[in-house]
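Now for the letters of each chain:
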Amino acid sequence: MRHRSLVVSLLAVLLLTLASCGGAVSVSPSPSVAASPFPATLVDFQNRSVTVPARPERLVSIGPSITAFLFALGAGPRVVGVDDFSDEPAEAATREHVGGIKVNFEKVVALKPDLVFSVKFSDGTIEKLQSASLNVLVVDPQSVSDVAKTATLLGKAVGADGETLARGIQQRVDIIKTKIATTTSRPRVYHEIDASDPAKIFTVGPGSYINDLIEIAGGANVAARASSAYPQLSAEEILRSDPEIIVLAADAYSSKPADVVARPGWSIIAAVKGNRIFTIDPNLINRPGPRVGEAAEAYAKLVHPELFR
Amino acid sequence: MRTLSILGLLVAALLVSAVAGILVGAVAIEPGDVLAALLGSNDVNGTIIRELRLPRVLGAALVGGSLATAGALLQGLLRNPLADPFVTGTSAGATLAAVLAIVLGLAAPLVPLASFAGALVTVTLVWRLARLGGGTTVLTVLLAGVVLTSFAGAVVTFLLVSSDRLALQLRAVLGWLQGGVSVISWPELGVAAVIVAVGLGFALVLAHRVDAYAFGEDTAATLGVDPDRTTTAVLGATALLSGAAVALAGLVGFVGLVVPHALRFLIGATHRRLVPASFLAGAAALVLADLGSRTLIAPAELPVGAITGLIGAPFFLALLMRSRRIVV
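Residues numbered from 1 in each chain as written. Chains lettered and ligands numbered in written order. Predicted model: local features only at pLDDT ≥ 70, side-chain atom pairs only at ≥ 80, totals over all residues.

*Asks:* Just to check I follow, could you spell out the overall build of chain A for this structure?
*Replies:* Per the secondary structure count, chain A includes 12 helices and 13 strands. Here chain A holds 309 residues, and the buried ones make up 50% of them. Residue pairs at least 24 apart in sequence account for 63% of intrachain contacts in chain A once pairs closer than 6 positions are excluded. (Helix = DSSP H or I, 4+ residues; strand = E, 2+ residues; numbered from the N terminus. Buried ≥ 20, exposed ≤ 12 C-beta atoms within 10 Å, placed from the backbone. Contact = placed C-beta atoms within 7 Å.)

Quick look at the structure:
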């Protein structure tokens, strides 16, 4: 049984990694500029050089944030297959599904894509796709700064204007940053990922997308100096760090604010005393995608409500 | 006299390990501040000590003591040195019942009761199975335990996996199954303490009857011990103790096996001495194991069951190899 919970924790981490992506900002896609940009030689997120010989017409996207980007770039009609988690925009979910944590290779091949986009996999999925003679571009945004890079790269890959999308995204983030710059207050934020093991709760540390969002939103992550992107904290450490704001995921599996209040000893935490325990849409903040501006704003409203009236 | 001094030593060992368990934790707190916290200081250290560490140490003591006492009773009743709540599947049965209670949405205080009922059903089942074909052999008991443990484990797995789809709140169960004694609230501790006190009381009263069992049921009967009533009472006490332990800490293995066994070398097989000694030694052992679980690979934390398994499993194998009662 212990074994099982380990498997489930691993699954949760996998899901998190895979679900780290997605969303749609409506930046009107301009039709491809200049003379034909193809063939294009691109460097992907694994530093591999990938050549796209002609404008790809059948796209498969494995990673919700990639899907969101492709639709935001106006390449939605060319997307023929997506992973099971791709649900943004809603239209994306109507495409053929090619699997989730485990990719269904036969389905991908049967869709005859001329370009496959995928997040990183450590189980040989990418290599297996390549050995099926598929052209694979690895795109795996993990931070806010990766988002603009992703927009540009995907724009080049599908022959759309990624630069404009990237600028639009950056502008929305900059608006939040400008607002936050007007205050020096940096409330301590504790962001909970998973409290299945109440002794060692998963939170976000440096190098994670949510840590970036907290920073942009003008908060001070209590685990900002942790040694990994998803560190585990004990209840003792959380009590000692005394967060002023607690943020939980608004889904069926996560703890509710009432659960947090009821935890032994947590009543002395500033956020609990001040009744500042919030929930946030996990899809919005887990996926480094075109909705990053919206995500930063949603987070900033929790941390600095006084600036967003 | 010798027994008294050993009991005294065990009390001292329990106190020392409890003090160590309260002094050491995820965040460093000066011994002076710990003392102030215990005396009621009104700051974050006070809360950490009183709400997190103290219940944890007391919980570990209750769980270890209960498992060791239940182990001593089972070993006496089955006349078998390789029995304990974990090996016989009693803990697994209690786990299954507790998980069922959570799935059915029973109120939190009912969970320990459910796990007691689960323990009672399994321990009775093991007793019946072990008596098939006359005397109890190591083999039947162990086989019964293996079968019941895998069955209960399979049902728990089924419930956990299928309930993900039903969106039942079973994350909490996962945490509890692996969590050991990590987070225990005072109300939970209170309920468990009452159950353990009753179980331990029964165990102490029944100890001399279990001694009569050492010579077989027939001899016990000639010594004026009613075998059926005694068996029922002992099984009930075992179920109370292991049910409370499981409700608090999930599956913790081998404490119930190793502790009474080791004590037999020190103070002999008389249950009047073995029962209280097992409780004290089991309590101290699990408090130490829990201390190890949070310091060995700090800042990460091992489930306490991993520590007891690490130490207990080789011990169990050694016993198994030395046992002359294996009938194949």
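Moving on, there is more to tell.
*Asks:* Whenever I open this one, the overall build of chain B confuses me. Can you help?
*Replies:* Per the secondary structure count, chain B includes 13 helices and 0 strands. Moving toward the C terminus, one meets the helices and strands of chain B in the order α-α-α-α-α-α-α-α-α-α-α-α-α. In chain B, buried positions account for 53% of the 328 residues. If you take every contact in chain B between residues at least 6 apart in sequence, the share linking residues at least 24 apart comes to 78%.

*Asks:* Would you mind going over the domain arrangement of chain A with me for this structure?
*Replies:* For interface size, the figure often reported is the accessible area lost on association. Residue and element names in this part refer to chain A. Each assigned domain of chain A is listed here: domain 1 (17-23 + 35-160) and domain 2 (184-307). The interface of domain 1 with domain 2 comprises 18 residues on the first partner and 12 residues on the second. For the side of domain 1 that touches domain 2, the secondary structure elements donating two or more residues are α2 (64-72) and α5 (144-158). Here the side of domain 1 that touches domain 2 takes 5 residues from α2, the largest share from any one element. A class-by-class count of the residues in the side of domain 1 that touches domain 2 yields 10 nonpolar, 6 polar and 2 charged. (Domains from an automatic or database assignment. Nonpolar A, V, L, I, M, F, W, Y, C, P; charged D, E, K, R; others polar.)

*Asks:* Looking at this structure, I do not really get the packing of helix α2 (residues 31-38) of chain B against helix α3 (residues 44-77) of chain B. What am I missing?
*Replies:* A pair of packed helices is captured by two measures, namely the crossing angle of their axes and the spacing between those axes. All names here are of chain B. The contact between α2 and α3 brings their axes to 8 Å, and the two run at 70°. Classified by the angle their axes make, α2 and α3 are roughly perpendicular. Contact with α2, carried on its side by D33, V34, A37 and L38, involves N45, G46, I49 and R50 of α3 and no other residues of that element. When its residues are assigned to classes, the contact of α2 with α3 shows 4 nonpolar, 2 polar and 2 charged. (Axes fitted to C-alpha atoms, helices over the stretch in contact; angles between N-to-C directions. Parallel < 35°, antiparallel > 145°, perpendicular 65-115°, else oblique.)

*Asks:* It is not clear to me how the packing of α5 of chain A against helix α6 (residues 162-180) of chain A should be interpreted in this structure. Could you clarify?
*Replies:* All names here are of chain A. Orientation of α5 relative to α6, taken along the N-to-C sense of each, is 160°, at an axis distance of 7 Å. Accordingly, the angle class assigned to the pair α5 and α6 is roughly antiparallel. As α5 runs across α6, the sense of the crossing is right-handed. For the pair α5 and α6, the contacting residues are V144, V147, A148, A151, T152, L153, L154, G155 and K156 in the first and G162, E163, L165, A166, I169, Q170 and V173 in the second. For the contact of α5 with α6, the residue count by class is 10 nonpolar, 4 polar and 2 charged. (Left-handed = near helix turned anticlockwise from the far one by under 90°.)

*Asks:* Sorry, what's going on with the pairing of strand β2 (residues 49-52) of chain A here?
*Replies:* Each regular strand shows side chains that alternate between the opposite faces of the sheet. All names here are of chain A. Alignment of strand β1 (residues 40-43) against β2, held across 4 bridges, turns out to be antiparallel. Residue T41 lies in a different strand from β2, and its bridge partner there is T51. Linkage of β1 to β2, two consecutive antiparallel strands, is achieved through a turn of 5 residues, within which N47 is found at a positive phi near 60°. (Pairing = 2+ DSSP bridges.)

*Asks:* What is the right way to read the sheet that holds strand β3 (residues 59-62) of chain A from this model?
*Replies:* Sheet strands pair via backbone hydrogen bonds, and the direction of the pair is either parallel or antiparallel. Residues and elements named next belong to chain A. With parallel pairing, the 5 strands of this open sheet are ordered in space as β5-β4-β3-β6-β7. Two strands lie at the open edges of the sheet, namely β5 (96-97) and β7 (136-138), each paired on one side alone. The pairing of strand β6 (residues 115-118) with β7 spans 3 bridges and is parallel. Looking at the pairing, V116 lines up with V136 of β7. Against the sheet, α2 engages β3, β4 (79-82) and β6, with an angle of about 140° to β3.

*Asks:* What am I meant to see in the environment of G63 of chain A here?
*Replies:* Residues and elements named next belong to chain A. As for its placement among the helices and strands, G63 is situated in the loop between β3 and α2. According to the C-beta neighbour criterion, G63 is buried, with 29 such atoms within 10 Å. Note: C-alpha distance between G63 and S196 (133 residues apart in sequence) is 25 Å.

*Asks:* Help me out: how do you make sense of the environment of S91 of chain B in this one?
*Replies:* All names here are of chain B. Turning to its location among the elements, S91 is positioned in helix α4 (residues 90-103). The buried category is assigned to S91, around which 33 C-beta atoms lie within 10 Å. Taking the C-alpha atoms as reference points, S91 and L148, separated by 57 residues in sequence, lie 9.8 Å from one another. If we ignore the near neighbours within four places in the chain, the residues touching S91 are P85, F86, S242, V246 and L251.

*Asks:* Explanation requested: unusual backbone geometry in the structure shown.
*Replies:* Negative phi values dominate among residues other than glycine, just as trans dominates among peptide bonds. All names here are of chain A. Cis peptide bonds are those with omega within 30 degrees of zero, and the linkage from F38 to P39 qualifies with -5°. Along the chain, the position of P39 falls in the loop between α1 (2-19) and β1. The phi dihedral of K112 is positive, around 50°, even though this residue is not glycine. Positionally, K112 belongs in the loop between α3 (105-110) and β6. Of the residues examined, K112 has 11 C-beta atoms within 10 Å and is grouped as exposed.

*Asks:* Sorry, what's going on with helix α12 (residues 292-303) of chain A here?
*Replies:* Given 3.6 residues per turn, any residue in an α-helix points the same way as the ones three and four places further on. Residue and element names in this part refer to chain A. For α12, with 12 residues, the first-to-last C-alpha span of 16 Å sits near the 16 Å given by 1.5 Å per residue. Of all the 12 residues making up α12, 9 are buried; the element is thus mostly covered by neighbouring parts of the structure. Within α12, burial applies to V292, G293, E294, A295, A296, Y299, A300, L302 and V303. (Expected span 1.5 Å × (residues − 1).)

*Asks:* Which parts of the structure should I look at to understand helix α10 (residues 227-249) of chain B?
*Replies:* With 23 residues, α10 of chain B extends 32 Å from end C-alpha to end C-alpha; this agrees with the ideal 33 Å at 1.5 Å per step. Positioned one or two residues after α10 of chain B, G250 of chain B has a phi angle of 70°, which is positive.

*Asks:* I keep staring at the confidence of the model for chain B and nothing clicks. Help me out?
*Replies:* Do not read the predicted coordinates in detail wherever pLDDT is low. Counting all residues, the mean pLDDT for chain B is 83, and 89% of those residues have values of 70 or more. Reported confidences for the modelled complex are a pTM of 0.78 and an ipTM of 0.75. (pLDDT = per-residue confidence, 0-100.)

*Asks:* Even after reading the chapter, I still don't get the confidence of the model for chain A, so can you show me in this structure?
*Replies:* Residue and element names in this part refer to chain A. Overall, the predicted model of chain A reaches an average pLDDT of 87, with 89% of residues at or above 70. Across residues 1-8, confidence stays below pLDDT 50; counting only partners more than four residues off in sequence or on other chains, it has 14 contacts. Of the regions scoring below 50 in pLDDT, residues 10-29 engages in 66 contacts with residues more than four places distant in sequence or in other chains.

*Asks:* Sorry if this is basic, but what is going on with the environment of A68 of chain A here?
*Replies:* Residue and element names in this part refer to chain A. Within the secondary structure, A68 sits in helix α2. For A68, a count of 28 C-beta atoms within 10 Å translates into the label buried. Once the C-alpha coordinates of A68 and A92 are considered, the two residues, 24 residues apart in sequence, prove to be 8.0 Å apart.

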